[in-house]
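Single-letter residue listing:
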Amino acid sequence: MSGFWPDDVQCGVAFTFDLDAETMWLERAEVIGESPVMLSEGAYGPKTGIPRILNLLERLGVDATFFLPGKIIENYTDVSREIVHAGHEIGYHSYLHKTAASVEEERQEIQQCKKIMKDLLGVVPRGYRAPGFEVLPGGLDVVAEEGFAYSTNFMDCDHPYVHRLNEGRSLVELPVDWIFDDSAHFFFTFHEPSRGPISTPARVLEMWKAEFDGIYDEGGCMILTIHPQISGRISRVRMLGELIQYMQSRPKVMIAPAGELASAVRIKCGQ
Ligand SMILES: [Zn+2]
């Protein structure tokens, strides 16, 4: 039993999918110019990765969280609606996957994206993930003022906690880390700034299982950051399925959308 979860929960797990799609390539487009093939690397996410991932989640009975940039909701409205109709949570992930220049600029961007989500998807986001996890100094106060319930950006803990903010506001933090981010393991591109080398799914599965075993023992949380344009590949989706089944074989694991984990933490902490 841990201090963060209901009595019948040993640890929390959220599969979060950042559908950055083409926006992930914008910084590279500024350097090398727009390349149709480079942009197609991003299009793989909504076109090919999402259907495969939605099938997997449905087959294994897992509800997840999808962080969608506003521009991607506009460009791929039907795909975004499929995600909503499948019962998954939608979270905020900027408009164009760029870090805002100031907290005031970010406030405007949040309001713009909330309107897009409401108008096109009929949802109000409760979760905030900054592009590249780059939260601005003072940014969480704006996020809380805009009505969000949780942030999932910081890397300082293996368990959830609560940010105490101005005027008595608070946000639950569901911490992430690069070890749980598929881009650190699988993202290779020819275009600078490139990353590599490409890992095997087996190596990543071994790492994630070992982390999960420890987090389970300690009663913490494991928040995975997965990009459909990267992990939508066949061998990686199959690996995700193996990981989910491994987690489901253990008792008292709460695998849920990040928003549900945040609500459980808030109730337990009496917030
Ligand atoms: Zn992203």
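Residues numbered from 1 in each chain as written. Predicted model: local features only at pLDDT ≥ 70, side-chain atom pairs only at ≥ 80, totals over all residues. Heavy atoms only, no water.

Asks: What exactly am I supposed to notice about the overall build of the protein chain here?
Replies: Helices and strands together make up the secondary structure of the protein chain, namely eleven helices and nine strands. Relative to a compact globule of 271 residues, whose C-alpha radius of gyration would be 18 Å, the protein chain shows 18 Å and is just as compact. For the protein chain, the C-alpha atoms occupy an extent of roughly 55 × 45 × 30 Å along the three principal directions. The buried share among the 271 residues of the protein chain stands at 57%. Once local pairs closer than 6 in sequence are excluded, the contacts in the protein chain between residues at least 24 apart make up 71%. Accessible area of the protein chain: about 11,700 Å², with a carbon and sulfur share of 51%. Computed over 25 positive and 39 negative side-chain charges, the inter-centroid distance for the protein chain is 4 Å. (Helix = DSSP H or I, 4+ residues; strand = E, 2+ residues; numbered from the N terminus. Rg over C-alpha atoms; globule rule 2.2 N^0.38 Å. Buried < 20%, exposed > 50% of the residue type's maximum accessible area, 1.4 Å probe, protein only. Contact = heavy atoms within 4.5 Å. Areas by Shrake-Rupley, 256 points an atom, 1.4 Å probe, with all protein chains shown as cover. Lys, Arg positive; Asp, Glu negative; His and termini not counted. Charge placed at Lys NZ, Arg CZ, Asp CG, Glu CD.)

Asks: I would appreciate a short explanation of the coordination of the zinc ion in the present structure.
Replies: Put simply, the ideal angle at a metal is 109.5 degrees for four donors in tetrahedral geometry and 90 or 180 degrees for six donors in octahedral geometry. Only D20 (OD), D20 (OD), H93 (NE2) and H97 (NE2) from the protein coordinate the zinc ion, and they sit 2.0 to 2.5 Å from it. Mapped onto the sequence, the residues coordinating the zinc ion show the spacing D-x72-H-x3-H. Summarising the burial analysis for this pair, H93 and H97 share the class buried. (Donors = N, O, S within 2.8 Å, 3.2 Å for Na, K, Ca; no water.)

Asks: Quick question: what am I supposed to make of the packing of aromatic side chains here?
Replies: For any pair of aromatic rings, the description consists of the separation of the ring centres together with the inter-plane angle of the planes. Scanning the model with the defined rule gives seven aromatic pairs in all. With a centroid separation of 4.9 Å and an interplanar angle of 20°, the aromatic rings of F17 and F66 are classed as stacked. Within this pair, whereas F17 is found in strand β1 (residues 11–18), its partner F66 is found in strand β2 (residues 65–68), the two being separated by 49 residues in sequence. An identical accessibility class is assigned to F17 and F66; each is buried. Centre to centre, the rings of F212 and Y246 are 6.1 Å apart; their planes meet at 70°, and the pair counts as edge-to-face. With a gap of 34 residues between them, F212 in helix α8 (residues 201–218) and Y246 in helix α10 (residues 234–248) connect regions that are remote in the sequence. Under the relative-accessibility criterion, Y246 is labelled partly exposed at 24%. Of note, K209 hangs over the ring of Y246, and the distance from its end group to the ring centre comes to 4.8 Å. Over the ring of Y44 we find R233, and its NZ or CZ is 3.6 Å from the ring centre. (Phe/Tyr/Trp six-rings, centres within 6.5 Å; stacked < 30°, edge-to-face > 60°. Lys NZ or Arg CZ within 6 Å of the ring centre and 35° of its normal.)

Asks: What's the story with helix α2 (residues 36–60) in this structure? I'm lost.
Replies: Along an α-helix, residues three or four apart share an orientation, since each turn contains 3.6 residues. Counted at 1.5 Å a residue, the expected span for α2 with its 25 residues is 36 Å, and the 35 Å between its end C-alpha atoms agrees. Of all the bends in α2, the largest measures some 50° and sits at G49, one to four residues before the proline P51. Looking at the residues trailing α2, positive phi occurs at G61, about 70°. (Expected span 1.5 Å × (residues − 1). Bend = angle between axes of the 7 residues up to and from the residue.)

Asks: Got a minute to help me understand unusual backbone geometry in this structure?
Replies: Backbone phi values are negative for most residues with the exception of glycine, while trans is the configuration of most peptide bonds. With phi around 75°, S94 is a residue other than glycine that occupies positive phi space. Here S94 is to be found in the loop between β3 (89–92) and α5 (103–121). Positive phi, normally seen in glycine, also occurs at H97, with a value near 60°. Inspection of the secondary structure puts H97 in the loop between β3 and α5.

Asks: What exactly am I supposed to notice about α5 here?
Replies: Across its 19 residues, α5 extends 26 Å between first and last C-alpha, which sits within 8% of the 27 Å expected from 1.5 Å per residue. All of the buried residues in α5 are E106, R107, E109, I110, C113, I116, M117 and L121. The elements touched by buried residues of α5 are β2, α3 (70–75), α4 (77–85), β3, β4 (127–128) and α6 (139–145). Downstream of α5 by a residue or two, G122 has a phi angle that is positive, lying close to 70°.

Asks: Explain the pairing of strand β6 (residues 161–164) here, please?
Replies: Here β6 runs beside strand β7 (residues 170–173); their pairing, made up of four bridges, is antiparallel. By the bridge assignment, Y161 is partnered in β7 with E173. (Pairing = 2+ DSSP bridges.)

Asks: I tried to follow the nonpolar core on my own but got confused; where do I start?
Replies: Soluble globular proteins tend to pack their nonpolar side chains together in the buried interior. Counting 66 residues, the largest nonpolar core has F15 and F66 as its most contacted members. In terms of residue count, α2 provides more of this core than any other element does, nine residues in total. Residue contacts for F15: discarding those within four places in its chain leaves V62, A64, T65, L224, I226, L240, L243, I244, M247 and I255. F133, Y150, V172 and V265 belong to the second largest nonpolar core, which has 19 residues in total. (Core = buried A, V, L, I, M, F, W, Y, C linked by side-chain atoms within 4.5 Å.)

Asks: What's the story with the packing of α8 against α10 in this structure? I'm lost.
Replies: At a closest axis distance of 10 Å, the pairing of α8 and α10 adopts a crossing angle of 25°. As judged from the angle between their axes, α8 and α10 are roughly parallel. The chirality of how α8 crosses α10 is right-handed. On the side of α8, the interface is formed by P201, V204, L205, W208, K209, F212 and D213, while α10 contributes S235, R236, M239, L240, E242, L243, Y246 and M247. Here the contact of α8 with α10 is composed, by residue class, of ten nonpolar, one polar and four charged. (Axes fitted to C-alpha atoms, helices over the stretch in contact; angles between N-to-C directions. Parallel < 35°, antiparallel > 145°, perpendicular 65-115°, else oblique. Left-handed = near helix turned anticlockwise from the far one by under 90°. Nonpolar A, V, L, I, M, F, W, Y, C, P; charged D, E, K, R; others polar.)

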